[in-house]
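Here is what each chain is made of, one letter per residue.
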Amino acid sequence: MTVNVTEKETPPPPAAKGEPVLSVRGLSKHFPVRSAGLIRRKIGDVHAVCDVSFDIYDRETLAIVGESGCGKTTTGRLVLNLIDASAGEVVWQGRDLTKLRNRAMRPLRRDMQIVFQDPYASLDPRMTVNELVAEPLRIHGLYRGENSGKQAVKDLLAQVGLNPEHGARYAHEFSGGQRQRIGIARALALKPRLLVLDEPVSALDVSIQAGVINLLEDLQQEYGLSYMFISHDLSVIRHIADRVVVMYLGKVVERAEADELFRRPSHPYTQALMSAIPLPDPVKERERKRILLTGDVPSPVNPPSGCRFRTRCQKFANDLDNTQREWCVNVEPPLEAKFTGHDAACHFAAARTDILEVGADHRAVPGELASWPTGRPTDAQAATPMACEPDGAQREPTRLTDDYVVDAEGELVLESDLEKPAG
Amino acid sequence: MTIDLEVDDTRQEADPDALLVVDNLNVSFPTDDGVVQAVRGVSYTVRNGEAMGIVGESGSGKSVSSLAVMGLLPKNARISGSVRFRGRELIGLNEREMSQLRGEKIAMIFQDPLTSLNPVYTVGYQIAEALHAHHEMSKKAALDRSAELLGIVGIPYPEQRISNYPHELSGGMRQRVVIAIAMANDPDVIIADEPTTALDVTVQAQVLEALETARAETGAALIIITHDLGVIAGHSDRIAVMYAGKLVETGSTEEVFYRPRMPYTLGLLGSLPRLDQQERQRLTPIKGAPPSLLNLPPGCPFTPRCPLAEDICDAEEPELLMAEGTGHSAACHFRNRMADVEAAEVFGDDAAEVVS
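About the thresholds
- Residues numbered from 1 in each chain as written.
- Chains lettered and ligands numbered in written order.
- Predicted model: local features only at pLDDT ≥ 70, side-chain atom pairs only at ≥ 80, totals over all residues.
- Helix = DSSP H or I, 4+ residues; strand = E, 2+ residues; numbered from the N terminus.
- Rg over C-alpha atoms; globule rule 2.2 N^0.38 Å.
- Buried ≥ 20, exposed ≤ 12 C-beta atoms within 10 Å, placed from the backbone.
- Contact = placed C-beta atoms within 7 Å.
- Pairing = 2+ DSSP bridges.
- Axes fitted to C-alpha atoms, helices over the stretch in contact; angles between N-to-C directions.
- Expected span 1.5 Å × (residues − 1).
- Parallel < 35°, antiparallel > 145°, perpendicular 65-115°, else oblique.
- Left-handed = near helix turned anticlockwise from the far one by under 90°.
- Nonpolar A, V, L, I, M, F, W, Y, C, P; charged D, E, K, R; others polar.
- Core = buried A, V, L, I, M, F, W, Y, C linked by C-beta atoms within 7 Å.
- Arc of directions from axis to C-beta.
- pLDDT = per-residue confidence, 0-100.

1. Observations regarding the overall build of chain B
Counting its regular elements, chain B contains 14 helices and twelve strands. The C-alpha atoms of chain B give 21 Å as radius of gyration, which agrees with the globular expectation for 356 residues (21 Å, within 12%). Structurally, chain B occupies a C-alpha span of about 65 × 50 × 45 Å along its principal axes. When each of the 356 residues of chain B is scored for burial, the buried share is 52%.

If you want it as structure tokens, here you go:
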């Protein structure tokens, strides 16, 4: 499949400490959508992941956050080369993993392991815990002799906080938290450098979740692991992450160090996401004003033109005029630095420091950035193809006159049509 | 087992505002392995227009206790105790009498809207069906009212949406349809069982907003059941914490959040990562797992996980009693010792986190 990644490359993420362990550049994944019936002709693409770039550094936790369908899990699988990328590269120790065949990939898999979300589905019910943990060792020929092999398994179980004496039990005899620990023991067995953690605590009750989070923090310290932590839960991410990538509909919308991101979120989606999370504090929670998004996530088969978030964006609907909206509708906002080490993909990005504060007015926009575009986009700007757009797509610039307004579903409609919208 | 003091009981009866009084409710299920005691001696009162939250982890009995109130438990459930709605006993009512109350007086919202909506009827038909169940009205009037209700819960273009089938709507919209059905007959109590658990946070915020609108519109009392301490903090006046089928702490939301007196509540709050805290504190998990509700040993069910446990905790199950210096009750022998205690002090840093 050919994918037209635009000429303008996304700028590399700002350098942090030293060389990254893993670099991801322009990563895209399109899944074909086929017609029903016998021939199953390809009728479109699901733009699952589109032009994603980030780095993971040594002993660092990079978090990927977003809602269902934003492509965060697909990104995790692409990084491990479990599915083939449509475009882009994943560089690990100087080698582009997307170009490697399975045979060449296998030795590298020792260094990169994954922990899945559902500890009920990811463990074979017919294997004992000892066998489950020994399996990766056997596959890679590291289960040397019954005695040392058994000892290795026992050590692993103890490391993840399980009683090694329970090794002869089956997975169903354990609680959810304990099963997740078994999954972590399996991932650790090969002494990896990078763990991809795909929603590792989402299925667990809070009192159990905390234990697993603490375990992950301890293991990182002890073994110098790097984590790619995929989650929808910003509270967990604030707790565990060093750097955060926020995704929406397959694209990175904001990327920054964790403290920086939570201090001044700049993309309207990040702001809405933060404001939507209920705080376990009755006084704060009642006094907070929420940024309520309208509508639902659009279909990734046919994402909105320009900015993919515009159909749900409160800023687009309430704060911008039609001249400014033309940018959102026509021009894909590049992911670019808004502050030092803080990138956002929004033409009209502005930091909000009031999201997690109590009693602040959420509509107040402190300090618009100098980089806001002025006037309308030119025809040339408006005709620039979007990243990941299929070949041959001809686009006419959309010009908005004053008669256009945003309706209740986030669509741009003529004001005169507002009363009787087309069914 | 007695839970509330007699004094408390008379107060509940005398309360003119008391809408729903649950008194010493017990639910158990016979299984091949023995009797599972899912709910053990739960008592609470919901007053007119009040929002009460029931919070607990999976298997704590929070859903079963509300299904018992609605009379929706399977036939093999053994129920004892009393549930009075405006003074009328609900336990033991036959199906016909119960269905007159359901929807009309007490409405329920379930976790998964896809299973609570019928896939072969339009949403307008299903809301109209709820209206017809309790009111004489024309088809046209019922459909008009359906559209109006959809508008109230924040669905754009309700006149078109009433002819959609559930599969044509997103999860958040479906749950708003369920809320519209719940408020259709202007009920006195809405029971919402994990209403937002299956949804993304931005959609959760929309649905909670719709729920608050429904409450404001109908003036109904709300019982919200959830495992999410954040949701409960913002949407309830009083909360009850459940553990192993029992209420272990009840009181005003502020009291329970800021001055918890039951080690379990304290531990739950300590194990939450906080979005609103800048400095990272190590989380303080509760060790172990909730007990099996099959053949519970005597004593406090939290004893095996509780760092404060002493001999008395194994011997005697504590009653839910008022804690000194607070306005709320906790089921802990040491509730009066728990003043101004931090989670980190009690649950400490993981001393040998081996779980058996």
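The structure having been displayed, the exposition proceeds.
2. What about the overall build of chain A?
When you go through chain A residue by residue, the secondary structure sums to 13 helices and 14 strands. Scored against the burial criterion, the 423 residues of chain A give a buried share of 48%. When contacts within chain A are restricted to residue pairs at least 6 apart in sequence, those whose partners lie at least 24 apart make up 68%.

3. Focus: the interface of chain B and chain A
Frequently, the measure chosen for interface size is the accessible area removed from exposure when the parts meet. Taken together, the contact between chain B and chain A spans 45 residues of the former and 44 residues of the latter. Among the elements of the structure, helix 9 (201-218), helix 10 (229-235), helix 11 (253-258) and helix 12 (263-270) of chain B are those that each provide at least two residues to the side of chain B that touches chain A. Ranked by the residues each element gives to the side of chain B that touches chain A, the list is headed by helix 9 of chain B, at six residues.

4. Topic: the sheet that holds strand 8 (residues 226-231) of chain A
Residue and element names in this part refer to chain A. Strand order in the open sheet formed by eight strands is 6-7-8-3-9-10-12-11, with mixed pairing between adjacent strands. The sheet is open, and its two borders are formed by strand 6 (112-115) and strand 11 (336-339), each paired with just one other strand. The sheet shows a mean angle of 25° between the axes of neighbouring strands, direction not considered. Of the strand pairs in this sheet, strand 11 and strand 12 (residues 342-344) are connected by three bridges, and their pairing is antiparallel. By the bridge assignment, Glu336 is partnered in strand 12 with Ala344.

5. Some details on helix 8 (residues 171-183) of chain B
All names here are of chain B. Helix length check: helix 8, at 13 residues, gives a terminal C-alpha distance of 19 Å against a target of 18 Å (1.5 Å per residue), a fit within 8%. Of all 13 residues making up helix 8, twelve are buried, and the element is well covered by its neighbours. Inspection of helix 8 places Gly172, Met173, Arg174, Gln175, Arg176, Val177, Val178, Ile179, Ala180, Ile181, Ala182 and Met183 among the buried residues, and these make up the whole buried set. Those residues of helix 8 that are buried lie in contact with strand 6 (106-109), helix 4 (113-116), helix 5 (123-134), helix 6 (139-152), strand 7 (189-193) and helix 9.

6. Examining the packing of helix 5 of chain B against helix 6 of chain B
All names here are of chain B. Between helix 5 and helix 6, the least distance of the axes is 8 Å, while the angle of their chain directions is 115°. Viewed along their axes, helix 5 and helix 6 adopt a mutual orientation that is roughly perpendicular. The two elements helix 5 and helix 6 cross, and the hand of that crossing is right-handed. Residues Gly124, Ile127, Ala128, Leu131 and His132 of helix 5 form the contact with helix 6, whose participating residues are Lys139, Ala142, Leu143, Arg145, Ser146 and Leu149. Classifying every residue of the contact of helix 5 with helix 6 by side-chain character gives six nonpolar, three polar and two charged.

7. Things to note about the environment of Ala205 of chain B
Tracing the backbone through its elements, the reader meets Ala205 of chain B in helix 9. By the C-beta count within 10 Å, which is 23 here, Ala205 of chain B ends up buried. Spatially, the C-alpha atom of Ala205 of chain B lies 9.6 Å from that of Gly172 of chain B, the residues being 33 residues apart in sequence. Dropping the residues within four chain positions of it, Ala205 of chain B is found in contact with Ala276, Arg290 and Leu292 of chain A.

8. Quick word on the pairing of strand 10 (residues 251-257) of chain A
All names here are of chain A. Where burial is concerned, most of strand 10 is hidden: six out of the seven residues are buried. Where strand 9 (residues 243-248) meets strand 10, six bridges bridge the pair, whose relative direction is antiparallel. Following the sheet pairing, Val244 is matched in strand 10 by Ala256. With three bridges connecting them, strand 10 and strand 12 associate as antiparallel partners.

9. Things to note about the nonpolar core
In this structure, Met228 of chain A together with Val241 of chain B are the most contacted members of the largest nonpolar core, which totals 219 residues. Aside from chain neighbours lying at most four places away, what touches Val241 of chain B is Val55, Gly56, Leu247, Val248, Glu249, Val256, Met262, Tyr264 and Thr265 of chain B.

10. Focus: the pairing of strand 6 of chain A
Within a regular beta strand, the side chains point alternately toward one face of the sheet and then the other, so they alternate between its two faces. Residues and elements named next belong to chain A. Residues Met112 and Ile114 line one face of strand 6 and the alternating positions Gln113 and Val115 line the opposite face, and both faces are buried. Direction of pairing for strand 6 relative to strand 7 (residues 194-198): parallel, over a ladder of four bridges. Looking at strand 7, one finds that Ile114 is bridged to Val196.

11. Topic: unusual backbone geometry
Glycine aside, the phi torsion of most residues is negative, and most peptide linkages are trans. Residues other than glycine seldom take positive phi values, yet Gln93 of chain A does so here, at roughly 50°. Counting through the fold element by element, Gln93 of chain A comes out in the loop between strand 4 (87-92) and strand 5 (95-96). Exposure remark for Gln93 of chain A: the 11 C-beta atoms within 10 Å place this residue in the exposed category. Its identity is not glycine, yet Ala244 of chain B carries a phi of approximately 50°, on the positive side. Summarising the element assignment, Ala244 of chain B is placed in the loop between strand 9 (238-243) and strand 10 (246-252).

12. Looking at the sheet that holds strand 12 (residues 329-330) of chain B
Residue and element names in this part refer to chain B. Spatially, the eight strands line up as an open sheet ordered 6-7-8-3-9-10-12-11, and their pairing is mixed. Only two strands of the sheet have a single partner each, and these edge strands are strand 6 and strand 11 (321-322). In the packing of helix 8 onto the sheet, contacts are made with strand 6 and strand 7, and the angle to strand 6 comes to roughly 175°.

13. Comments concerning helix 6 of chain B
Residue and element names in this part refer to chain B. Here helix 6 spans 20 Å end to end across 14 residues, near enough to the 20 Å set by a 1.5 Å rise per residue. The set of residues buried in helix 6 consists of Leu143, Ser146, Ala147, Leu149 and Leu150. For helix 6, the angular spread of the buried residues around the axis is 160°, confining them to a single face. Buried residues along helix 6 sit against helix 5, helix 7 (158-161) and helix 8. Positive phi shows up at Gly154, right after helix 6, with a value of about 85°.

14. A short note on the environment of Ser58 of chain B
Here Ser58 of chain B shows up in the loop between strand 3 (51-55) and helix 2 (62-70). The exposure class assigned to Ser58 of chain B is partly exposed, which follows from the 13 C-beta atoms found within 10 Å.

15. Details of the packing of helix 9 (residues 268-276) of chain A against helix 9 of chain B
Orientation of helix 9 of chain A relative to helix 9 of chain B, taken along the N-to-C sense of each, is 55°, at an axis distance of 8 Å. The angle between the axes of helix 9 of chain A and helix 9 of chain B places the two elements in the oblique class. In this structure, the crossing between helix 9 of chain A and helix 9 of chain B has a hand that is left-handed. In this structure, helix 9 of chain A uses Ala272, Leu273 and Ala276 of chain A to contact helix 9 of chain B, whose residues at the interface are Val201, Thr202, Gln204 and Ala205 of chain B. Along the lines of polarity and charge, the residues of the contact of helix 9 of chain A with helix 9 of chain B split into five nonpolar, two polar and no charged.

16. A closer look at the confidence of the model for chain A
Residue and element names in this part refer to chain A. Averaged over all residues, the pLDDT of chain A equals 86, while 90% of them reach at least 70. Per-residue pLDDT, averaged within each element of chain A, yields its smallest value for helix 13 (residues 379-383) (80) and its largest for strand 3 (residues 61-65) (97). Below a pLDDT of 50 lies the segment residues 1-10, which in the model reaches 25 contacts outside its immediate sequence neighbourhood of four places, other chains included. The low-confidence segment residues 359-365, where pLDDT is below 50, has ten contacts with residues more than four positions distant or belonging to other chains.

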